[in-house]
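Report on the structure
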Amino acid sequence: MQGRNMTRWRDPKTDPRQEKKSNLITPQGYARLQGIHDHLSRVKRPQLSAKVGEAAALGDRSENADYTYNKKELNRVIARIRYLRKRLDELQVVDRLPADTGKVYFGAFVTLEDDDGEALSIRLVGHDETDTAKHWISIDAPLAQAALGKALDDDVVVAAPGGETHYIITAIDYAPG
């Protein structure tokens, strides 16, 4: 059966979209998601609803590109609001430091050095906060999982497609700077 809503079948065991994501988030990340939710709910959605209403009042909707575009955009915004509302309810805000700040845990800024002496600075954050430009990686990422619980000067071994990569932890900090 073919249709526009049909997608190809994926094995749930190997589908990356089915992987369990952690529900941890920093207070700053939670505030950012809450701000996006509020903006979409209070500003964007009413604006798009008004545009759809104005376009619908012009007459024939089947040939009205303005109506079609704004209706699709409104549906996209409503779906995003629904997702954010559900996600914000699931999240657990981590707002305090771990008992042992000498080890790598959630929220840590970690500097790693590879075998060639090149430094890599990362921060372990929740799935919703990942940012490659800032080198913020998900706590669920293989590198983060390998570094969790390690102390200064510990060896971190990460299995990669090209073979294992070795790092040494050269710095652990819980405050940006």
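Preceding block: the structure.
Presented here is a report on the structure given in the accompanying data block. Every value quoted in this text rests on a predicted model; they were computed, and no experiment measured them. (Residues numbered from 1 in each chain as written. Predicted model: local features only at pLDDT ≥ 70, side-chain atom pairs only at ≥ 80, totals over all residues. Heavy atoms only, no water.)

Things to note about the layout of surface pockets
Heads up, the condition is: A pocket, in this scheme, is an open set of points on a 1 Å grid over the protein atoms alone with protein on both sides within 12 Å along at least 5 of 7 lines, while a cavity is a set where a 1.4 Å probe fits but cannot get out; residues line either one if an atom lies within 4 Å of a point. Grid points are joined across faces, edges and corners, and a volume is the space filled by probe spheres set on the points. Classes in brief: Ala, Val, Leu, Ile, Met, Phe, Trp, Tyr, Cys and Pro nonpolar; Asp, Glu, Lys and Arg charged; the others, Gly included, polar.
In this structure, the largest pocket occupies an estimated 180 Å³ of space. Looking at the largest pocket, the residues that line it are Thr26, Pro27, Gln28, Val94, Asp95, Arg96, Leu97, Pro98, Phe106, Gly107, Arg123 and Tyr174. Class assignment for the residues of the lining of the largest pocket results in six nonpolar, three polar and three charged.

Observations concerning the pairing of strand E7 (residues 163-173)
What counts is decided by this rule: Whether two strands pair depends on DSSP finding at least two bridges between them. Helix and strand definitions follow DSSP, with helices as H or I runs of at least four residues and strands as E runs of at least two, each counted in order from the N terminus.
In this sheet, E7 lies alongside strand E3 (residues 109-114) in antiparallel orientation, the contact comprising six bridges. Within E7, the residue paired with valine 110 across the bridge is isoleucine 172. As paired elements, strand E6 (residues 155-160) and E7 share six bridges and run antiparallel to each other. Bridge pairing in E7 links alanine 159 to glutamate 164.

Focus on the packing of aromatic side chains
We describe a pair of aromatic rings using the distance from one ring centre to the other and the angle between the two ring planes. Applicable threshold: Pairing of aromatic rings covers Phe, Tyr and the six-membered ring of Trp, with a centre-to-centre limit of 6.5 Å; geometry is then stacked below 30 degrees between planes, edge-to-face above 60, and tilted otherwise. Criterion for a charge above a ring: Arg CZ or Lys NZ at most 6 Å from the ring centre, at most 35 degrees from the ring normal.
Enumeration according to the criterion identifies zero aromatic pairs in this entry. Across the ring face of tryptophan 136, the terminal group of arginine 123 is positioned such that the distance to the ring centre comes to 4.9 Å.

Some thoughts on helix H2 (residues 65-90)
Spelled out, the test is: Expected helix span is taken as 1.5 Å per residue step, with the number of steps being one fewer than the number of residues. Here, two residues are considered to be in contact whenever any of their heavy atoms come within 4.5 Å of each other.
The first and last C-alpha atoms of H2 sit 38 Å apart over 26 residues, in line with the 38 Å expected at 1.5 Å per residue. Residues of H2 that are buried in the fold lie against helix H1 (27-57).

Focus: the pairing of strand E4 (residues 119-125)
In terms of strand pairing, E3 meets E4 through five bridges, oriented antiparallel. Its bridge partner lying in E4, phenylalanine 109 is registered against arginine 123. In this structure, the hairpin formed by E3 and E4 is closed by a connection of four residues, where glycine 117 is found at a positive phi of approximately 90°. Summarising the sheet, E4 and strand E5 (residues 136-138) pair through three bridges and their orientation is parallel. When the bridges of E5 are listed, valine 125 appears paired with serine 138.

Some points on the pattern of salt bridges
Stated formally: In the sections that follow, a salt bridge refers to a side-chain nitrogen of Lys or Arg positioned within 4 Å of a carboxyl oxygen of Asp or Glu. Each residue gets one of three labels from its accessible area relative to the maximum for its type: buried under 20%, exposed over 50%, partly exposed in between, using a 1.4 Å probe on protein chains only.
Scanning the model with the defined rule gives three salt bridges in all. Among the ionic pairs, arginine 87 bridges to glutamate 90, the shortest N-O distance being 3.1 Å. Of this pair, arginine 87 and glutamate 90 both sit in helix H2, three residues apart, roughly one helical turn. With relative accessibility at 7%, the residue arginine 87 sits in the buried group. Classification of glutamate 90 as partly exposed rests on a relative accessible area of 37%. One salt-bridge network, held together by shared partners, links Arg87, Glu90 and Asp128.

Points about the nonpolar core
Definition in use: Nonpolar cores were defined as sets of buried Ala, Val, Leu, Ile, Met, Phe, Trp, Tyr and Cys residues, with membership established by side-chain atoms within 4.5 Å.
Ranked by internal contacts, the top residues of the largest apolar core, which has 19 residues, are Val104, Leu112, Leu143 and Val156. Those elements giving two or more residues to this core turn out to be E3, E4, helix H3 (142-147), E6 and E7. With four residues, H3 is the largest single contributor of residues to this core. Among residues more than four places away in sequence, those in contact with valine 156 are Leu112, Leu143, Ala146, Ala147, Lys150, Thr165, His166, Tyr167 and Ile169. Counting 14 residues, the second-largest nonpolar core is a separate cluster that includes Leu48, Ala55, Ala56 and Val77.

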